[in-house]
Amino acid sequence: MIKFNKETQQLEINDNYKGRLTSSRIMSTSILVLGAVRLYTANWQMPNEMDYVFCIVVATFLYITVKNFLINTSIDKIDKHNIKYVKMPKGLATKAVVRLNNRKVREVYGLKTVEAKNAFRKVLSDAKIKVVN
């Protein structure tokens, strides 16, 4: 699933994060648009309680949409020199975070067992990539 190519100096991650991020982008954008349309059509002379709820929903999905489009990335091959650090999961968590130098984040899912976490940590130490707990 995760390996380091010594010839090209790249960390190769083989998972389906691209599909997961694409579907998250589509859903968050569509909910944001529907909420914005609902707020646009609301009667602001006599607002209901649901209008205020939709303000919170739109603000939440605006944050999620910005995060999905501007912060997260789904790149499969990451150059070693572009990696700032890797944050390993703690406790029962299964998601590692690869922080890149251009302020983007690549999330790695599927580290469910201790063996998988140790294998990922070994790949990172062999590549001499900084690991943060």
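For the structure, see preceding data.
Keep in mind it's a predicted model, so treat the numbers as computed, not measured. (Residues numbered from 1 in each chain as written. Predicted model: local features only at pLDDT ≥ 70, side-chain atom pairs only at ≥ 80, totals over all residues. Heavy atoms only, no water.)

Q: I'd like to hear about the overall build of the protein chain, residue by residue, with values.
A: The helix and strand inventory of the protein chain stands at three helices and seven strands. Each helix and strand of the protein chain, placed in order from N terminus to C terminus, yields the pattern β-β-α-α-β-β-β-β-α-β. The C-alpha radius of gyration of the protein chain comes to 19 Å, more than 25% above the 14 Å expected for a compact globule of 133 residues. Seen through its C-alpha atoms, the protein chain measures out along the principal axes to roughly 65 × 30 × 20 Å. The buried share of the protein chain, taken over its 133 residues, is 29%. When contacts within the protein chain are restricted to residue pairs at least 6 apart in sequence, those whose partners lie at least 24 apart make up 58%. For the protein chain, the computed accessible surface area is about 8900 Å², with 59% contributed by carbon and sulfur atoms. Between the averaged position of the 23 positive side-chain charges in the protein chain and that of its 10 negative side-chain charges there is a distance of 5 Å. (Helix = DSSP H or I, 4+ residues; strand = E, 2+ residues; numbered from the N terminus. Rg over C-alpha atoms; globule rule 2.2 N^0.38 Å. Buried < 20%, exposed > 50% of the residue type's maximum accessible area, 1.4 Å probe, protein only. Contact = heavy atoms within 4.5 Å. Areas by Shrake-Rupley, 256 points an atom, 1.4 Å probe, with all protein chains shown as cover. Lys, Arg positive; Asp, Glu negative; His and termini not counted. Charge placed at Lys NZ, Arg CZ, Asp CG, Glu CD.)

Q: Account for the sheet that holds strand β7 (residues 131–132), naming residues and giving values.
A: If you walk across this open sheet you meet the four strands as β6-β5-β4-β7, and the pairing is mixed. Whereas interior strands pair on both sides, the edge strands pair on one side only; in this sheet they are β6 (105–108) and β7. Direction of pairing for strand β4 (residues 83–87) relative to β7: parallel, over a ladder of two bridges. Bridge pairing in β7 links V86 to V131. (Pairing = 2+ DSSP bridges.)

Q: Describe in detail the pattern of salt bridges, supporting the description with residues and values.
A: Counted under the stated rule, the structure contains six salt bridges. Between E12 and K3 there is a salt bridge; the shortest N-O distance is 3.8 Å. For E12, a relative accessible area of 10% gives the class buried. The class for K3 is partly exposed, based on a relative accessible area of 47%. Note that E107 and K95 form a salt bridge whose closest N and O atoms lie 3.5 Å from each other. A residue pair is termed long-range when its members are at least 10 positions apart, and E107 in strand β6 and K95 in the loop between β4 and β5 (96–100) qualify at twelve residues. (Salt bridge = Lys/Arg side-chain N within 4 Å of Asp/Glu carboxyl O.)

Q: Go over the pairing of β5 with me, naming the residues and quoting the values.
A: Most of β5 sits inside the fold, with four of its five residues counted as buried. Strand direction decides the pairing type here: β4 and β5, joined by four bridges, are antiparallel. Its bridge partner being in β5, Y85 is matched across the sheet by R99. The sheet contact formed by β5 and β6 spans four bridges and is antiparallel. Across the sheet, residue A96 finds its bridge partner in β6, namely V108.

Q: Now, about the packing of aromatic side chains: what can you tell me, with residues and values included?
A: Under the criterion given, the structure shown has one aromatic pair. Its guanidinium or amino end placed over the ring of Y109, R20 lies 4.0 Å from that ring's centre, counting from NZ or CZ. (Phe/Tyr/Trp six-rings, centres within 6.5 Å; stacked < 30°, edge-to-face > 60°. Lys NZ or Arg CZ within 6 Å of the ring centre and 35° of its normal.)

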